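One-letter residues, chain by chain:
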Amino acid sequence: VGHTDNHEAKKRLGHVTVVVVGGTGDLARKYLWQGFFQLYADQVGKGHTFSFYGGGLSPTEKGTPLLFGILKELACPPELSAERCTLVKDQFLHLSKYHQLKTTEDYEKLSQQIKQQLGQEGMVEAGRLFYLSVPAFTYADIAEKINNTCRPPSDAWLRVVLEKPFGHDLYSAQALDKKLSDQLKEKEMYRIDHYLGKFLCFRKKSLTKSAKEHHVLEIEIFCRIQFYDQYGVIRDVLQNHLTEVMTLMLMNLPANLSNSMEILQNKLNFLASLQHVDNSNAVVGQYQAYNGEVQEELNKTKDYFSLTPTFAGVVIHVDNVQYEGIPIFMTSGKALDERVSYARVLFKNDVFCIQDPNNVQCKSKQIIFSLGHGNLQYPAILISKNLFKPELVSSGDWKEVTEYKDVNVLGLPLSDYYIQSPVTPREAYCELISHVFFGRKDSFISAEGLLASWAFWTPLLEGLSRVFPRVYPGGEANGNLLNFQLQGHQVAFSHEAVVNVINPGAKDNFQVMQGKYRSSEMVSAWAQELVERLASDLLLAAEEAIREEGQFHLALSGGSSPVALLRALALNLYTFPWRNTHIWQVDERCVPHTETGSNFRSIHDLLLQHIRIPYFNIHPMPVHLTQRLCVEEDGGPALYEKEINKHVNGSSFHYILLGVGQDGHTASLFQDTKLENDEERLAILTESPIKPHQRMSLTFTAINRARRVGVLIMGKSKHELVSQLSRIKGESSKYPITKVQPKTGTLIWYIDYDALLG
């Protein structure tokens, strides 16, 4: 089903009641009433009749003058003459009324008033539009009141507009969606994002040339705005505004742009293709004065420190052929040098200029969707003249700009661009209010789209919850402090912070510490420093092995322990000797390697796909043979043992990295694993007490032959285990990790402070 267009709307001509709940608030004063005045000016005389209510908590005698003070200041739409505007504005004021909306009885009185007006004037009701310009925590209560008291007859429509934020993570968004869907149908809810109003016009304008003819270097989506609430920059801007811009910009465009269901489905398909993001894909900062503002606002003492980021830079990658390998940079921040919003596609320039670098052919190739503000001040599409000349849309809504101001936009003077902009730019809320009136759902966020977006962003938000953002002074004084760079598939600040005014406590003064644990070497540090130290030790071990034997054989375990390390190793794609490194598995679940539960899949996604390593240097465990998983007679462990003996000198790995489960298991060797008859085997099938039960694992024989064995233990959940193991002397059948005792090699424990100190 496509969106309801103008023709369809006329089939249901009649009276429309508009209710702005929160009608005297800041948003209503700045944008909403102007948008509804524009709607009335557009529709007056076309068959519909209207009444407008500004709802608020104040009693009528107080709210009425507030509302009409706002309405009298409304600006005339540019297409109306002064005389016509005066008439239309008088009519609009006459049709508008303040109504207290606080209790269920207030909503019942409103419903009775609507019915009474319709009956007295003999009008047919077309529909009711409620705009909730109120805090999100009130949505469920108001939706219940609307559902129980203010529903129109079954042949008229009901549309309820919801402002962001829609929750603060996946779980709160799911809870809010459940409460709202108990009262309202999905087709009745319009989750608004004013950036969609700005961006939809660009996607309507078809670009005749595409990325198929040019090599895309990167994609940037950027927004510099004035204020953030306590939600922080990622929740307040990236999760909603910029994610919606990204999906509209990069989703597959349907053949029929008026098919809202296909547009919504294409947005969901694109969101599903986004790769997982975590701390390694983001940098965050906080405006220096922000913490003081929060202390004052929340009445906190001077030792209170907010971790709310006011700046974020995130790199996103997409798992589809069209955008494979192309980084998408999403950035937003408060207190930067200017207010500007844009999305751009930057292309590779294959022209090598010898003498005239200022020639247009030598400059950047880019398409810019300017969302307004900045040097340009108006929404527009800009295309580098050395890229291609776009066709002008014949609808008459767009014009070509040929008079250039003496300004630069993203490195090029305006004269170096072909520029097109709307003939009559409309404010975003005017556009979106019009779309609500015509029932155009493609301009809004669906429940599925909302939850898909939160599912993408919530893991990053959880990961950043304990990260101290980089403090920056604001404006030009920021210098290069917030510059960040791509490292593999990850990002990091380009320069060290000069100062950090946040001093969270003595714990952060710990550096890397060395000592003894269970009579072996131990390295301890906070998580990030520990992983960096382990990566550095692996590099040294690799260089030593390659000097001596020409190859480095590294066996990696599965589970959560090595995840951070694999990401750190992926950053060393230029310095680590991957060409001479062989990657082996310590253990594997008996699932196909393509499944997310596979340890090899994890190693592939986190490390292998980001580095240049010869294909024949990768040795996954053969758990899937003759279309069967881990069947004894297929001889998978024997095949792996044969592979080890063939490539690894003396079947002695240079380095084996292990983790430890909370029950003390390591690799896939558990308390009940029977090894008596397999003492000389290098690989065996085992049974795990948790699903998936079947596993393949290196044996203690293979592990204890290694030159070096590292055991990585991280997280507060492992503190009790670390304490228990420290008390055990020698082997314990209850804790298989105690059987790791290299015969001639060295054992090193890498334990972070959370696990060590609790």
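What you see is a predicted model; the values in this text were computed from it and never measured. Once a new chain begins, its residue numbering starts again from 1 and follows that chain's sequence as written. Owing to the predicted nature of the model, reporting of local features is limited to residues with pLDDT of at least 70; listing and counting of side-chain atom pairs is limited to 80 or more, with chain, interface and lining totals taken over all residues. In computing side-chain values, all of the structure's heavy atoms are included and hydrogens and water are not.

J.: How should I be thinking about the sheet that holds strand S31 (residues 694-698) in this particular structure?
T.: Strands are labelled as partners when DSSP assigns at least two bridges between them. In DSSP terms, a helix is any run of H or I states spanning at least four residues, a strand is any run of E spanning at least two, and both are numbered starting from the N terminus. On the basis of which strands lie adjacent, the open sheet formed by three strands has the order S25-S31-S30 and antiparallel pairing. Every interior strand has two partners, whereas the edge strands, strand S25 (587-589) and strand S30 (683-687), have only one. Strand-to-strand twist of the sheet, defined as the mean angle between neighbouring strand axes without regard to direction, takes the value 25°. Note on geometry: axes are C-alpha line fits, over the in-contact stretch for helices, and angles between N-to-C directions span 0 to 180 degrees.

J.: What is the right way to look at helix H5 (residues 104-121) in this model?
T.: For a helix, the expected span equals 1.5 Å multiplied by the number of residues minus one. For H5, with 18 residues, the first-to-last C-alpha span of 26 Å sits near the 26 Å given by 1.5 Å per residue. Taken as a whole, H5 has its buried residues at Asp 106, Tyr 107, Leu 110, Ser 111, Ile 114, Gln 117 and Leu 118. Down the axis of H5, the buried set is contained in an arc of 145°. They therefore lie on one face. Looking at H5, the residues exposed on the side facing more than 90 degrees away from the buried face are Lys 109, Gln 112, Gly 119 and Gln 120. We call two residues contacting when some pair of their heavy atoms lies within 4.5 Å. Check the buried side of H5 and you find it contacts strand S1 (15-21), strand S2 (49-56), strand S3 (96-100), strand S4 (125-132) and helix H6 (139-149). The buried label goes to any residue with under 20% of its type's maximum accessible area, the exposed label to any with over 50%, and the partly exposed label to all in between, with areas taken from a 1.4 Å probe on protein chains only. The directions from the helix axis to the C-beta atoms form the arc being described.

J.: Which parts of the structure should I look at to understand the domain arrangement of the chain?
T.: Interface size is often expressed as the accessible area that is lost when the parts come together. Domain borders in the structure are assigned automatically or taken from a domain database. With domains assigned, the chain is organised as domain 1 (15-163), domain 2 (197-424 + 442-493) and domain 3 (559-757). For domain 1 versus domain 3, the distance between C-alpha centres works out to 65 Å.

J.: I tried to follow the pattern of salt bridges on my own but got confused; where do I start?
T.: When charged atoms on two side chains of opposite charge get close, those side chains can pair. For this document, the term salt bridge refers to a Lys or Arg side-chain nitrogen within 4 Å of an Asp or Glu carboxyl oxygen. The tally for this structure, following the rule as stated, stands at 21 salt bridges. Residue Lys 145 is joined to Asp 141 by a salt bridge in which the shortest nitrogen-to-oxygen separation is 2.5 Å. Placement of both Lys 145 and Asp 141 in helix H6 is noted, with a separation of four residues, approximately one turn of the helix. Residue Lys 145 is classed as buried on the basis of its relative accessible area, which comes to 10%. Three or more residues joined by partner-sharing salt bridges are found here, namely Asp 26, Arg 29 and Lys 30.

J.: Looking at this structure, I do not really get the packing of aromatic side chains. What am I missing?
T.: Only the six-membered ring of Trp is used, alongside the rings of Phe and Tyr, when aromatic pairs are assigned; centres must lie within 6.5 Å, and planes under 30 degrees apart are stacked while those over 60 apart are edge-to-face, with the rest tilted. Throughout the structure, instances matching the rule amount to 24 aromatic pairs. Centroid distance Tyr 31 to Tyr 429: 5.3 Å. Interplanar angle 25°. Geometry classified as stacked. With a gap of 398 residues between them, Tyr 31 in helix H2 (residues 26-43) and Tyr 429 in helix H12 (residues 428-437) connect regions that are remote in the sequence. Judged by relative accessible area, Tyr 31 falls into the partly exposed class, the value being 33%.

J.: Please clarify how helix H4 (residues 82-95) should be interpreted in this entry.
T.: Residues spaced three or four apart along an α-helix point in a common direction, a consequence of the helix completing one turn every 3.6 residues. Helix length check: H4, at 14 residues, gives a terminal C-alpha distance of 20 Å against a target of 20 Å (1.5 Å per residue), a fit within 8%. Looking only at H4, the buried set comprises Cys 85, Val 88, Lys 89, Phe 92 and Leu 93. End-on view of H4: buried residues confined to an arc of 140°, all on one side of the axis. Relative to its buried face, H4 has exposed residues pointing more than 90 degrees away, namely Glu 83 and His 94. Those residues of H4 that are buried lie in contact with H2, S2, helix H3 (60-71) and S3.

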